[in-house]
2 protein chains.
Amino acid sequence: MNQVYVVGMGPGGPEQMTGQARQVLEACDLIVGYTVYVELLKEILPDKTYRETPMRREVERCRIALEEAQKGRRVAMVCSGDAGVYGMAGLMLELGEGYPGCQVEVVPGVTAALSGGALLGAPLGHDFAVVSLSDLLTPWEVIEKRLRFAAMADMAICLYNPSSKKRAGYLKRACNIIMEETGGERVCGLAYSIGREGQGVEVLTLKELGGRQVDMFTTVFVGNSQTRAMGGKMVTPRGYRGVSEA
Amino acid sequence: MNQVYVVGMGPGGPEQMTGQARQVLEACDLIVGYTVYVELLKEILPDKTYRETPMRREVERCRIALEEAQKGRRVAMVCSGDAGVYGMAGLMLELGEGYPGCQVEVVPGVTAALSGGALLGAPLGHDFAVVSLSDLLTPWEVIEKRLRFAAMADMAICLYNPSSKKRAGYLKRACNIIMEETGGERVCGLAYSIGREGQGVEVLTLKELGGRQVDMFTTVFVGNSQTRAMGGKMVTPRGYRGVSEA
């Protein structure tokens, strides 16, 4: 059985990878991935062979990895953040069914909800929902329904893919839906360029968030009813009974 | 300013920690944590000073860390999984307000939703909710509401703290609520003792899950309407349009 690894490399920097992810990448002959992540990795592991494909060529990328593994090469497919959360693990497992000699192994990593959350403090300290605003593979009505139910359930919400050139108004639409359930004063946070140059955070209200333009390297956090802004940080307590009883 | 670190150590094994988490722990004089995690760490970093407190003594644990940091010691508070997701980051930030000389820094880690997800394949490949079944700090009605709305939103769901001695019937109650919205055939998964002795996974239906007794070291995954069981794995596709268009 030839193993193909799908590896979550965390937000970017080598020190944000797990030891296991690093070991797997070091043991592989070939590393396959989206151009941006491969460029980051080349700085850390310059002596590997790399194959890059641009965005939206995910099926092709998976087939390259599986075909090379079938030939006996030790192959890793890299994803930013975690391998499973909007990553390539699922597609690799699905396509892997057509390559009976290959076994897909998933190596987890720190997804942006966690790495961005750490920069902001503890925005996801209690129950939360993770929702992508990309409607490339999901009808917008489904996204809208998820945002509304998450807000009605008083869950903190982490938004992935809050914007792109084609989807400039989506964050505003998302904020408006949530605001209908929560009002505009909910504590929110932005984490920019996590683990990369230009890294930063901002704490603001939901109403303010709706007026912002953010780029695709931003992760957005919307607090629950208990979330507090504290000296530039955003903290969602672990429950509803206050610190003294915690 | 004396920095106190809140460090997510991942599911258990040293190779599942990030490089950053390891560096921070190595640079600290004192490591504070819940007994079980401290015991795991002592095997990896035997030369550190440790302070342990049992479960539910979280406020005391934070105060020990903050007081020692105020005296000038380099202190890390460790959490299993991530530091923010049901971790100590929020409480440390809240209590830290009373220790003006101390600054709390959060170091993220791989939470059980990700590490358990990797073992199962890709159960959280699309939008998802993370909900704890512990009603220690959250009224059961709120937990119930979150489960119901998450199911109505067709989000995959990851359940933390699915059981304990006092809460033996909670997983069954949770499954019944979800089942009212989804029916009993939804693909579900269990990840046992992630990163530790006895690690294992199981894929089963929601109806079967409701009949199971699980322990507190189990993480539970409930798929969305698109989730498939595939050769002992659980895969939630990244969207609603099928692999060929992905």
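Look up: the structure comes first, before these words.
Note that the structure is a prediction, hence the values are computed from the model and not measured. (Residues numbered from 1 in each chain as written. Chains lettered and ligands numbered in written order. Predicted model: local features only at pLDDT ≥ 70, side-chain atom pairs only at ≥ 80, totals over all residues. Heavy atoms only, no water.)

> Explain the interface of chain A and chain B to me, please; I cannot follow it from the model alone.
Where interface size is given, it is often the accessible area lost as the parts come together that is meant. Taken together, the 67 residues of chain A in the interface contact 68 residues of chain B. The contact between chain A and chain B buries some 6000 Å² in all, and 62% of this surface belongs to carbon and sulfur atoms. The largest share of the area that chain A buries against chain B comes from Leu137(A), Arg146(A) and Arg238(A), three residues that together contribute 13% of it. Counting the contacts that link chain A with chain B gives 8 salt bridges. A salt bridge links Arg146(A) to Asp127(B); the nearest nitrogen and oxygen atoms lie 2.7 Å apart. Our count for the chain A to chain B interface comes out at 30 residue pairs in polar contact (both at pLDDT 80 or more). Looking at the side of chain A that touches chain B residue by residue, the classes come out as 34 nonpolar, 18 polar and 15 charged. Sheet analysis places strand E7 (residues 128–132) of chain A next to strand E7 (residues 128–132) of chain B, joined by 3 bridges and oriented antiparallel. Counterpart to Ala129(A) in the pairing with E7(B) is Ala129(B). (Contact = heavy atoms within 4.5 Å. Buried area = accessible area lost by both parts, 1.4 Å probe. Salt bridge = Lys/Arg side-chain N within 4 Å of Asp/Glu carboxyl O. Polar contact = N/O pair within 3.5 Å; in protein donor to acceptor, adjacent residues only side chain to side chain. Nonpolar A, V, L, I, M, F, W, Y, C, P; charged D, E, K, R; others polar. Pairing = 2+ DSSP bridges. Helix = DSSP H or I, 4+ residues; strand = E, 2+ residues; numbered from the N terminus.)

> When you look at the sheet that holds strand E6 (residues 121–122) of chain B in this model, what are you seeing that I'm missing?
Hydrogen bonds between backbone atoms are what pair the strands of a sheet, whose relative direction is either parallel or antiparallel. Residue and element names in this part refer to chain B. Taken together, the 3 strands give an open sheet; going across it, the order is E6-E13-E12, and neighbouring strands pair in mixed fashion. Two strands in the sheet have a free side with no partner beyond their single neighbour: E6 and strand E12 (228–230). Looking at chain direction, E12 and strand E13 (residues 233–235) are connected through 3 bridges and run antiparallel. Paired with Arg228 across the strands is Val235, a residue of E13.

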